[in-house]
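So you can see what is in the structure, the chains are spelled out below.
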Amino acid sequence: MTSVSELQPIPWKLHLSVLAVAIAFPFVFPSSFMVNFGVLALFYAFIGQSWNISGGFAGQLSFGHVAFFGVGAYASTIMQMRYGISPWLGLPIAGLAGAFVGGVIAVLSFRAGLKGSYFALITLAFAEVLRIVSNSIGITGGGLGLLIPMNIGAQNLQFAERSGFYFLILALAAGSVAVAEWMRRSRFGAQLAAIRENEDSAKALGINVFAEKVKVMLISGAIGGIGGCFFAQYFLYIDPLIAFGTDKSVEMLLVAMIGGAGTVYGPLVGSVLLALVSDVTRTLTQIQGLSLVLYGALLVVIIAFLPNGLIDLFTRKRGGKPERKK
Amino acid sequence: MMLQVANLSKVFGGLRAVDDASLQVEQGRIVALIGPNGAGKTTLFACIAGFHAASGGRVQFLGQDITGWPVHKISRAGMVRTFQITQPFAKLTVHENIAVGAYQKFHDRHEAWEHARAVARQVGMEGLLAQSASDLTVAGRKRLELARALATGPKLLLLDEVMAGLNPTEIREIIGIIRAIRDSGVTVLLIEHVMHAVMSLSEHIYVLSYGKIIAQGTPQEVVNNPAVIEAYLGRGSADHAADKPTQVAHA
C-alpha cells in the first residue's frame, strides 16, 4: 500500500478554492444568522488549529488548551479596559500571552518528562488552576467577569456588521492554515512528525526533542491566545467559565480530531460539521446540551470508522485503505 | 581515534550491566561488539550514544569528551545509532522517515528530500519510498533504520543487530551495503549475532560477557580465544572446541 504522504505540500489550487468559497460565503448567505454561523465555524477552526498544531502534528495531546485561549482573552480585555489599549493591538498581545503560557506549561511538563496521558492531565490541571485564579482575583473581575463597553467602530474591533468579524476571523483562520501548511513543508514539521511517532528515534537522529516541543507549544499557545482576544471582542464579555471552561478545551480537540488531527484542513472540516450539528439541534429542539451529546456520538462513529478523521474521506481516493482492519 | 570508551560502567540497581568496559574504534574501520544474549551490548551502546547516563567511565568521540551529552547533541556531532528493536516513524512513508534524518544535514526541503532519495538508493529501498513504514517487512525496517541514520551524514554509525531476523540473501545484501557505507568514509561499530557476517565484515572484534570486555582482536584471534568459547558455550567447552574453533560461529 502506498500511503498518502503527510509531509507533502497541499496544492495551491486547493488552498485558493477553499479561500474563495470562504470569501464568497457571506455574500451568498448575507443573513445575520448565517454569517454568525460562519464566524463561529471559522473561530472553532482557528482555535482547533491551535490544538491541532501541538496535538495533531506534534502528538502532544492536551486537555487544557483553553488555558491559552483564556489568557489571551483576559490579556487583551484587561489591556483594553484598564489601559485603553486598542484591541487591534490586543490581538498580538493576546498571542504573546498565549505563547508565554504555552511556553511555561511546555517547559515545566516536558522538563519533567511528561508524555501522553500525563501531559494531557497536567494541561487540564493548568487550565483549571487558571480558571480558579481568574475567579478569585480582582483584575479579572472575579466571578462576575469583564463586560467590554460597547463602542462600535472598526478601530475598536467592534464591527457594526457581522461580516466585519467574519473577515477578521477568516484572515486569522487563513493564517493558521498557513502555519499548518508550513508545518507540512518544513524541516520543523518533519521533526515534529518524527517526535510524534517515536521520540527515541527522533533523538537518535539529532532532533532536540525538548526544544522542538517547547517551540510548538509557543506557536500553539499564540494561536489560542489570539482566538481568546477575538472571542472577547465578538461577545464583549468573558468570565472565568467562558475563558477557562473545560468544554472549550474539549471543543478544540474535538474539531481537530473529528476533522482529522495532524491535517491542515482537519479543524475546518470538524468545526463546520460541529457548527452544523450545534445549530441544527438548537433550532429543532429545546434540549440544552443536546449538541454535546451528538458531538460525543459523532466522535465515537468517527473513531470507529474514520480513525484519521473526516478528512480521510477526501484524501483516500487513490485506492488507499483505512489503517484499521475490518 | 574515532571513538574511545574508557572504563565505562552502567549499574541498574544491584546489576552491573556494563562493567568497566573499554574499547576503541579507529577511523574508517568496521568494528564489531559481540557477546552472548544479555551480555550488556545494547546497554553499552545506549551509554555510548547518550541514551543512558553511564555510572562511571568516559566516552571520547573524535577527541572530544562527550560523556553526559544529550542524545541529539551526540547525534549532531556525528555519532548516530540504530535500534535493535526497530523504531520506525510508523505513520510516515519510507521517504519521509529517511528525510527526517536527511534534514539534519540539509535544512532546505528540496535538498533533504533528494538526499533521502539518494540514501534510499544506497540501501536498496528506492522502490519502497512511497510505502508506509508500518507496512515494511522486518528486513525493510532494518534497512530503514540504517537508511535514516545514514541520511544524517554520520561519521560513526552504531548499528545494533541490523541483521537479526533476516534471511541469508537479505544478510548478504546488507553486508554489501555496510561495506559500501564504510568505503564511503563512515566508520562502523556494530553489535551482531550473525557470526559469519561479523567474521566477514569486521576488522576488529570486542567480546562482551556479563558486562565485561573479555576478549578483543581480529576475528580469527577472537574465535580461538578460550575465554570467548567459554562465554558462549559454557565452562569447560574450550577444551572440546579446541579442535574445531569455528564452532563458535554457530553459537
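About the thresholds
- Residues numbered from 1 in each chain as written.
- Chains lettered and ligands numbered in written order.
- Predicted model: local features only at pLDDT ≥ 70, side-chain atom pairs only at ≥ 80, totals over all residues.
- Helix = DSSP H or I, 4+ residues; strand = E, 2+ residues; numbered from the N terminus.
- Rg over C-alpha atoms; globule rule 2.2 N^0.38 Å.
- Buried ≥ 20, exposed ≤ 12 C-beta atoms within 10 Å, placed from the backbone.
- Core = buried A, V, L, I, M, F, W, Y, C linked by C-beta atoms within 7 Å.
- Contact = placed C-beta atoms within 7 Å.
- Pairing = 2+ DSSP bridges.
- Right-handed = clockwise from strand over helix to strand, strands pointing away.
- Nonpolar A, V, L, I, M, F, W, Y, C, P; charged D, E, K, R; others polar.
- Axes fitted to C-alpha atoms, helices over the stretch in contact; angles between N-to-C directions.
- Parallel < 35°, antiparallel > 145°, perpendicular 65-115°, else oblique.
- Left-handed = near helix turned anticlockwise from the far one by under 90°.
- Expected span 1.5 Å × (residues − 1).
- pLDDT = per-residue confidence, 0-100.

**Observations concerning the overall build of chain B**
Logical step 1: Summing up its helical and strand segments, chain B has 10 helices and 10 strands in all.
Logical step 2: Here chain B has a C-alpha radius of gyration of 18 Å; the compact-globule value for 251 residues is 18 Å, and the two agree.
Logical step 3: Here the C-alpha coordinates of chain B stretch approximately 60 × 40 × 30 Å along the principal axes.
Logical step 4: Here chain B holds 251 residues, and 50% of them are scored as buried.

**A closer look at the overall build of chain A**
Logical step 1: Helix and strand counts for chain A come out as 14 helices and two strands.
Logical step 2: A compact globule built from 326 residues would reach a C-alpha radius of gyration of about 20 Å, and chain A, at 19 Å, matches this within 12%.
Logical step 3: In terms of principal-axis extent, the alpha carbons of chain A reach across some 60 × 50 × 40 Å.
Logical step 4: Looking at the 326 residues of chain A, the share that counts as buried comes to 48%.

**Points about the nonpolar core**
Logical step 1: Ranked by size, the top nonpolar core spans 171 residues in total, and within it Ala 67 and Ile 169 of chain A together with Ala 147, Leu 157, Leu 158 and Val 207 of chain B carry the most contacts.
Logical step 2: Ala 147 of chain B has contacts with Ile 98, Val 119, Ala 120, Val 123 and Met 125 of chain B, leaving out every residue within four places of it along the chain.

**Describing the pairing of strand S8 (residues 187–191) of chain B**
Residues and elements named next belong to chain B.
Logical step 1: The element S8 is largely enclosed, with a buried count of five among its five residues.
Logical step 2: Burial along S8 is two-sided: Thr 187, Leu 189 and Ile 191 facing one way and Val 188 and Leu 190 facing the other are all buried.
Logical step 3: Alignment of strand S3 (residues 30–34) against S8, held across four bridges, turns out to be parallel. In the sheet register, Ala 32 faces S8, and the bridge partner there is Leu 190.
Logical step 4: Since strand S7 (residues 156–160) and S8 lie parallel, the crossover through helix H6 (residues 168–183) that links them has a hand, and here it is right-handed.

**Brief notes about the interface of chain B and chain A**
Logical step 1: Counting residues at the interface gives 27 residues for chain B and 24 residues for chain A.
Logical step 2: When residues of the side of chain B that touches chain A are traced back to their parent elements, those giving at least two are helix H2 (71–77), strand S6 (79–81), helix H3 (94–102) and helix H4 (109–122) of chain B.
Logical step 3: The residue inventory of the side of chain B that touches chain A, partitioned by class, reads 10 nonpolar, 10 polar and seven charged.

**A look at the sheet that holds strand S1 (residues 3–12) of chain B**
One key point about sheets: their strands pair by backbone hydrogen bonds, in either a parallel or an antiparallel sense.
All names here are of chain B.
Logical step 1: Taken together, the four strands give an open sheet; going across it, the order is S2-S1-S4-S5, and neighbouring strands pair in antiparallel fashion. Each edge of the sheet is formed by a strand with only one pairing partner; in this case those strands are strand S2 (15–25) and strand S5 (64–65).
Logical step 2: As judged from the five bridges shared by S1 and strand S4 (residues 56–61), these two strands associate in the antiparallel manner. Residue pairing for S4: Val 5 is matched across the bridge by Val 59.

**Quick notes on the packing of helix H7 (residues 187–197) of chain A against H3 of chain B**
Logical step 1: With their axes 10 Å apart at the nearest point, H7 of chain A and H3 of chain B run at an angle of 110 degrees to one another. Accordingly, the angle class assigned to the pair H7 of chain A and H3 of chain B is roughly perpendicular. Relative to H3 of chain B, the crossing made by H7 of chain A is left-handed. Where H7 of chain A approaches H3 of chain B, its residues Ala 190, Gln 191 and Ala 194 of chain A are matched on the opposing element by Glu 96, Ala 99 and Val 100 of chain B.
Logical step 2: The residue inventory of the contact of H7 of chain A with H3 of chain B, partitioned by class, reads four nonpolar, one polar and one charged.

**Examining the pairing of S1 of chain B**
Residues and elements named next belong to chain B.
Logical step 1: When S1 meets S2, the two strands line up antiparallel, connected through seven bridges. Within S2, the position partnered with Leu 3 by the bridge is Val 25.
Logical step 2: Between S1 and S2, which pair antiparallel one after the other, the connecting turn spans two residues, and Gly 13 there sits at a positive phi close to 55 degrees.

**Concerning helix H9 (residues 209–235) of chain A**
Side chains that are three or four residues apart share a direction in an α-helix, a result of its 3.6 residues per turn.
Logical step 1: Spanning 27 residues, H9 of chain A covers 39 Å between terminal C-alpha atoms, matching the ideal 39 Å at 1.5 Å per step.
Logical step 2: Directly beyond the C-terminal end of H9 of chain A, a positive phi value near 60 degrees is found at Leu 236 of chain A.

**A closer look at unusual backbone geometry**
Logical step 1: In this structure, Leu 236 of chain A takes a positive phi of about 60 degrees despite not being glycine.
Logical step 2: For Leu 236 of chain A, the position within the fold is in the loop between H9 and strand S2 (237–238).
Logical step 3: The class for Leu 236 of chain A is partly exposed, based on 15 C-beta atoms found within 10 Å.
Logical step 4: We note that Asp 20 of chain B has phi near 55 degrees; this positive angle belongs to a residue other than glycine.
Logical step 5: Summarising the element assignment, Asp 20 of chain B is placed in strand S2.

**Focus on the environment of Gly 113 of chain A**
All names here are of chain A.
Logical step 1: Positionally, Gly 113 belongs in the loop between helix H4 (87–111) and helix H5 (116–136).
Logical step 2: A tally of 9 C-beta atoms within 10 Å means that Gly 113 is categorised as exposed.
Logical step 3: Taking C-alpha positions, Gly 113 is 38 Å from Leu 144, a pair spaced 31 residues apart along the chain.

**Structural notes on the confidence of the model for chain B**
All names here are of chain B.
Logical step 1: In the predicted model, chain B carries a mean pLDDT of 91, and the fraction of residues at 70 or more is 94%.
Logical step 2: Put simply, helix H10 (residues 237–241) is where chain B has its lowest mean pLDDT, 66, and S6 is where it has its highest, 97.
Logical step 3: Note on residues 247–251: pLDDT under 50 across the span, and 12 contacts to partners over four residues away in sequence or across chains.
Logical step 4: Across the assembled chains, the prediction reports ipTM 0.89 with pTM 0.90.

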